[in-house]
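The primary structure of each chain is shown beneath.
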Amino acid sequence: MSAVTASRYPAEYESIAPLLPGQNLPWLQQLRSEALQAFSAKGFPSPREEEWRYTNVSGIEKKLFSVPASQADSEVDDWLKAYQLADAWSVVLVNGRFSAELSTLNGLPDGVSILSLADALATQAAQVQSHLGQAVANSEHGFVAFNTAWFSDGLFVHVPPKQVLAKPIQLLHIVTQADALATTRNTIIIDESAQASVVETFVGADNAYLTAAVTEVFVGQNADLTLYKMQSESEKAYHFGGIYIKQERDARFAHHNFAFGGLLARSDIHADLGHASECVLNGLYLGVKRQHIDNHTRINHLKPYGISRETYKGVLDDKARGVFQGRVIVFEDAQKTDSQMNNRNLLLSVDAEVDTKPQLEIYADDVKCGHGVTVGQLDDKSVFYLQSRCIDEETARNMLTFAFANEMVDKISIKSLHDNVLEQVLARFPQQGVDKEWL
Amino acid sequence: MLSIKNLHVSVGDKPILKGINLEIKAGEIHAIMGPNGSGKSTLSHVLSGKSGYTVTEGSVTYQGKDLIEMAPDIRAREGVFLAFQYPVEIPGVSNVYLLKAALNAIRKHHGEPEVDAMDFLTLVKEKVRLLEMDEKFLYRAVNEGFSGGEKKRNEILQMAILEPKLCILDETDSGLDIDALKIVSEGVNSLRSPERSFVMVTHYQRLLDYIKPDYVHVLAHGQIVKSGGPELALELEEKGYSWLEEQVAA
Ligand SMILES: Nc1ncnc2c1ncn2[C@@H]1O[C@H](COP(=O)(O)OP(=O)(O)OP(=O)(O)O)[C@@H](O)[C@H]1O
Ligand SMILES: [Mg+2]
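Thresholds applied
Residues numbered from 1 in each chain as written. Chains lettered and ligands numbered in written order. Predicted model: local features only at pLDDT ≥ 70, side-chain atom pairs only at ≥ 80, totals over all residues. Heavy atoms only, no water. Helix = DSSP H or I, 4+ residues; strand = E, 2+ residues; numbered from the N terminus. Rg over C-alpha atoms; globule rule 2.2 N^0.38 Å. Buried < 20%, exposed > 50% of the residue type's maximum accessible area, 1.4 Å probe, protein only. Contact = heavy atoms within 4.5 Å. Areas by Shrake-Rupley, 256 points an atom, 1.4 Å probe, with all protein chains shown as cover. Pairing = 2+ DSSP bridges. 1 Å grid on protein atoms, 1.4 Å probe; cavity = no way out; pocket = protein on both sides within 12 Å on 5 of 7 lines; lining within 4 Å. Points joined across faces, edges and corners; volume = space filled by probe spheres on them. Nonpolar A, V, L, I, M, F, W, Y, C, P; charged D, E, K, R; others polar. Salt bridge = Lys/Arg side-chain N within 4 Å of Asp/Glu carboxyl O. Axes fitted to C-alpha atoms, helices over the stretch in contact; angles between N-to-C directions. Parallel < 35°, antiparallel > 145°, perpendicular 65-115°, else oblique. Left-handed = near helix turned anticlockwise from the far one by under 90°. Donors = N, O, S within 2.8 Å, 3.2 Å for Na, K, Ca; no water. Near = heavy atom within 4 Å. Polar contact = N/O pair within 3.5 Å; in protein donor to acceptor, adjacent residues only side chain to side chain. Domains from an automatic or database assignment. Buried area = accessible area lost by both parts, 1.4 Å probe.

So, about the overall build of chain B. Of the regular secondary structure elements, chain B holds 10 helices and 12 strands. Here the C-alpha atoms of chain B give a radius of gyration of 18 Å, agreeing with the 18 Å that 2.2 N^0.38 yields for 250 residues. Projected onto its principal axes, the C-alpha coordinates of chain B cover approximately 60 × 40 × 35 Å. For chain B, the residues scored as buried account for 55% of the 250 residues in total.

This is the structure we're talking about:
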């Protein structure tokens with residue numbers, strides 16, 4: 001076989017492999033070796049692939065991001081203070097590894113598992129085995145294969161049938177080391193008629209680093225999961241986060257995707273809907289400077305009576321570039337599907353750019369589907385109206401931009417997370433003399 | 001308070017105002033009437049600083065300062081208020097949010113500290129009652145989904161709270177039913193003071209029954225073609241504008 005690979009990373013794998021969890025599990029070793037092979041053959045996705053044509057990830061190959069030897073004595077207090085949600089169970093990963101001291105996991109209800117994936121592999125390997133790789137295949141693209149081979153830890157959640165969690169669960173992902181590679185794999189299993197909300201928070205020090213996360217989500221029959229993603233990575237970081245969701249009959253899933261950070265950030269959100277299941281995908285991306293923020297969603301309506309609602313909003317300033325690729329596929333079987341997709345963009349500078357590509361593919365004949373896209377600037381009439389009400393021009397523009405973005409922030413139902421995201425958005429669009437109580 | 005001298009204004013190459021002269025003293029109420037397209041809104045916009053208009057000749061002095069040189073928000077903080085003929089909807093920005101920001105901007109401009117939260121609410125609620133509005137309007141997005149009459153009333157609410165010195169009302173009465181007209185007029189009348197002046201653009205004598213002007217001016221083809229007292233409005237109601245337009249043409 002040819003020794004030429006598309007990536008320089010496989011050459012490192014041998015030295016990294018012994019550090020990875022699950023050494024004693026033959027099925028996992030097998031899975032990892034298949035993934036390594038798949039990744040070695042193809043490398044990271046190339047812009048030649050249709051689904052990656054707007055996003056060039058070759059920067060990841062320009063320097064070698066490496067797995068930190070240990071999580072070391074990283075100073076993370078500031079991150080915890082700023083981002084760890086009060087009143088939530090939390091799993092904290094520092095540089096891709098679980099920190100038991102920093103995590104909050106006391107008082108879990110009986111039968112509920114919230115722990116690190118490495119611990120889950122040690123204590124409930126069978127449960128992990130039956131889910132890992134079941135929501136997404138390594139063949140999906142290079143990042144998934146890479147993640148399967150390289151993952152160092154992650155979040156594992158299992159909520160048993162009918163259990164309704166009183167508190168949200170947070171995965172707080174902090175990368176402190178320069179040039180670090182943090183590869184995390186998360187598995188979230190919500191059993192029949194159970195209910196939970198999970199927050200994934202990605203932050204990091206002002207360095208270049210690579211976060212490569214894959215989250216697999218299983219929402220059981222009539223179960224309900226709200227998943228939030230708060231991506232506030234460093235402006236020098238690469239972020240790839242793939243979220244793959246399997247929804248059983250009558251399952252409800254909502255995703256709120258806040259993409260604010262990263263030099264280059266890409267999220268893939270793919271949901272498979274069962275009979276009469278409901279999927280809500282909301283997103284807000286804010287780009288400044290030279291940020292490149294790509295959100296790629298796919299909703300597969302596989303069975304009848306599914307409902308999907310998707311709203312993504314973007315605000316791009318300076319030379320930032322946004323990408324929205326939203327695909328909704330209604331399969332032959334999925335009669336009575338009701339689907340709406342919307343992408344609205346605000347460009348604040350002449351150099352800002354957005355590529356938006358909603359795609360609807362319908363193979364059933366009795367469905368109700370629609371989509372809409374807008375790309376625009378702030379309305380001069382509105383700016384003048386606010387100015388005529390004493391508001392300086394900069395505040396007026398920020399007020400209007402903020403209002404545009406806040407529609408998505410408003411949908412957050414966890415108070416502490418809502419306030420946290422709100423602060424971040426307000427900081428981006430500062431306004432004089434206002435009172436945020438009255439938003 | 002306001003002195004407009006030989007004001008010529010164009011939009012692009014098109015002259016719209018062609019030599020307006022108008023002197024408004026503190027405490028006075030001036031009504032401006034005139035046919036559609038004569039330049040009434042243009043004058044209102046130019047006074048409040050909307051972009052897109054070029055002053056090609058003449059001057060506007062407000063409280064001794066060159067008004068044309070001032071940014072729109074500075075004019076507003078100095079006390080110029082325009083009640084829009086077509087108020088703009090601002091989704092996502094609530095009325096109270098905007099009002100607080102506006103009030104604080106005025107205070108900052110005058111070197112005063114930010115308004116106390118309790119005082120602010122007391123003031124706002126008092127004015128809401130004055131205009132017989134539902135308090136719920138305060139927490140709704142500015143003008144979003146408001147009926148035509150509600151929007152006009154909301155403009156006067158803002159005016160009552162910001163307490164400007166020069167109030168320009170561009171057809172605030174158009175589209176109001178008689179009850180709303182009464183309430184809005186009472187609101188305006190309650191703001192009358194020796195320090196405050198009003199410019200009221202209107203098509204209807206009806207408004208002037210409630211708010212009695214000191215002067216009535218007729219604007220036609222970008223010029224003030226006639227000025228007089230309140231009785232001029234009655235005459236216009238009877239005869240229309242054509243006799244004046246003919247006079248100018250002649
Ligand atoms: N932005 C613009 N571009 C071109 N023409 C304009 C513009 N704004 C105003 N005009 C023209 O200037 C003239 C005066 O318009 P203006 O809105 O001031 O009239 P008005 O007296 O307020 O009329 P109405 O009673 O209908 O409100 C009209 O002929 C109008 O078409
Ligand atoms: Mg007009």
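Our next topic: the overall build of chain A. Secondary structure summary: chain A contains 10 helices and 19 strands in total. Taking 22 Å as the expected radius of gyration for a compact globule of 439 residues, we find that chain A reaches 21 Å, a close match to that expectation. Summarising its shape, the C-alpha atoms of chain A cover approximately 70 × 50 × 50 Å along the three principal directions. Across chain A, the fraction of contacts at a sequence separation of at least 24, relative to all contacts at a separation of at least 6, is 84%. Carbon and sulfur atoms provide 47% of the accessible area of chain A, an area that totals close to 16600 Å².

Attention now goes to the pairing of strand β16 (residues 321-330) of chain A. All names here are of chain A. The buried fraction of β16 is high, at nine of 10 residues. In this structure, strand β14 (residues 292-301) lies alongside β16, joined through 10 bridges in parallel fashion. Note that in β16 the partner of T297 across the bridge is G326. Where β16 meets strand β18 (residues 353-362), 10 bridges bridge the pair, whose relative direction is parallel. Each bridged residue has a counterpart across the sheet, and for R327 the counterpart in β18 is Q359.

Let us look at the environment of F84 of chain B. Residues and elements named next belong to chain B. Among the structural elements, F84 can be located in the loop between β6 (80-83) and β7 (90-94). With relative accessibility at 6%, the residue F84 sits in the buried group. The sequence separation of F84 and S41 amounts to 43 residues, and the corresponding C-alpha distance is 8.8 Å.

Along the chain, the position of T172 of chain B falls in the loop between β9 (166-170) and α7 (178-191). When near neighbours in sequence (up to four residues on either side) are disregarded, T172 of chain B contacts A83, K152, I156, V184 and V201 of chain B.

So, about empty space enclosed by the protein. All names here are of chain B. On inspection of all chains with the given rule, the structure shows four cavities of 30 Å³ or more. Breaking the lining of the largest cavity down by element, the ones donating at least two residues are β1 (2-11), β2 (14-24), α1 (40-48) and β10 (197-201). Per element, the largest residue contribution to the lining of the largest cavity is three residues, and it comes from α1. Counted by class, the lining of the largest cavity contains 10 nonpolar, one polar and no charged residues.

We now examine the layout of surface pockets. Estimated volume of the largest pocket: approximately 520 Å³. Together, 27 residues line the largest pocket, and R344, L400, A403 and F404 of chain A together with P91 of chain B are the ones closest to its centre.

Residues and elements named next belong to chain A. Using the criterion set out here, one finds 34 salt bridges over all chains in the structure. Here R298 and E51 are joined by a salt bridge, their closest N and O atoms 3.1 Å apart. Of this pair, R298 sits in strand β14 while E51 sits in the loop between α2 (26-42) and α3 (59-62), placing them 247 residues apart in sequence. Owing to a relative accessible area of 15%, R298 belongs among the buried residues under this scheme.

Residue and element names in this part refer to chain B. In contact at an axis separation of 10 Å, helix α6 (residues 148-162) and α7 are set at 15° when each is read in the N-to-C sense. Viewed along their axes, α6 and α7 adopt a mutual orientation that is roughly parallel. Viewed along their axes, α6 and α7 form a crossing whose handedness is left-handed. Here R153, I156, M159 and A160 of α6 lie close against α7, whose contacting residues are A180, I183, V184, V188 and L191. Per-class residue counts for the contact of α6 with α7 are eight nonpolar, no polar and one charged.

The subject of this paragraph is the coordination of the magnesium ion (ligand 2). The protein atoms that coordinate the magnesium ion (ligand 2) are S41 of chain B (OG) and Q85 of chain B (OE1), at distances of 2.0 to 2.3 Å. Within this pair, whereas S41 of chain B is found in helix α1, its partner Q85 of chain B is found in the loop between β6 and β7, the two being separated by 44 residues in sequence.

The next point concerns the site of ligand 1. All names here are of chain B. Surrounding ligand 1, one finds 14 residues, the nearest of these being G37, K40, S41, T42 and H203. With respect to ligand 1, the backbone of S41 contributes an N or O atom lying 2.8 Å from an oxygen atom. Burial of ligand 1 by the surrounding chains reaches 63%, relative to a free accessible area of 640 Å². When residues of the shell around ligand 1 are traced back to their parent elements, those giving at least two are β2 and α1. If one sorts the elements of the shell around ligand 1 by residue count, α1 sits on top with three residues.

The subject of this paragraph is the domain arrangement of chain A. Accessible area lost during the coming together of the parts is what is often quoted as the interface size. Residue and element names in this part refer to chain A. According to the domain assignment, chain A contains domain 1 (3-273) and domain 2 (388-439). On a C-alpha basis, the centres of domain 1 and domain 2 stand 30 Å from each other. Counting residues at the interface gives 13 residues for domain 1 and 13 residues for domain 2. Regarding the contact of domain 1 and domain 2, the summed buried area is about 1100 Å², with carbon and sulfur atoms giving 66% of it. If you sort the residues of domain 1 by the area they bury against domain 2, Y228, F258 and F260 come out on top, with a joint share of 46%. For the pair domain 1 and domain 2, the interface holds four residue pairs in polar contact (both at pLDDT 80 or more). Those elements giving two or more residues to the side of domain 1 that touches domain 2 turn out to be α4 (77-83), β7 (195-204), β9 (224-232) and β11 (252-259). With three residues, β9 is the largest single contributor of residues to the side of domain 1 that touches domain 2. In terms of residue class, the side of domain 1 that touches domain 2 is built from 10 nonpolar, three polar and no charged.

Looking now at the interface of chain A and chain B. Across the boundary between the two partners, chain A contributes 24 residues, which contact 38 residues of chain B. Around 2500 Å² of area is buried between chain A and chain B when both sides are counted, 68% of it from carbon and sulfur atoms. Linking chain A with chain B are two salt bridges, by the criterion used here. Where chain A touches chain B, the interface holds 12 residue pairs in polar contact (both at pLDDT 80 or more). Those elements giving two or more residues to the side of chain A that touches chain B turn out to be α8 (380-387) and α9 (393-409) of chain A. Top contributing element to the side of chain A that touches chain B by residue count: α8 of chain A, with six residues. Split into classes, the residues belonging to the side of chain A that touches chain B amount to 12 nonpolar, six polar and six charged.

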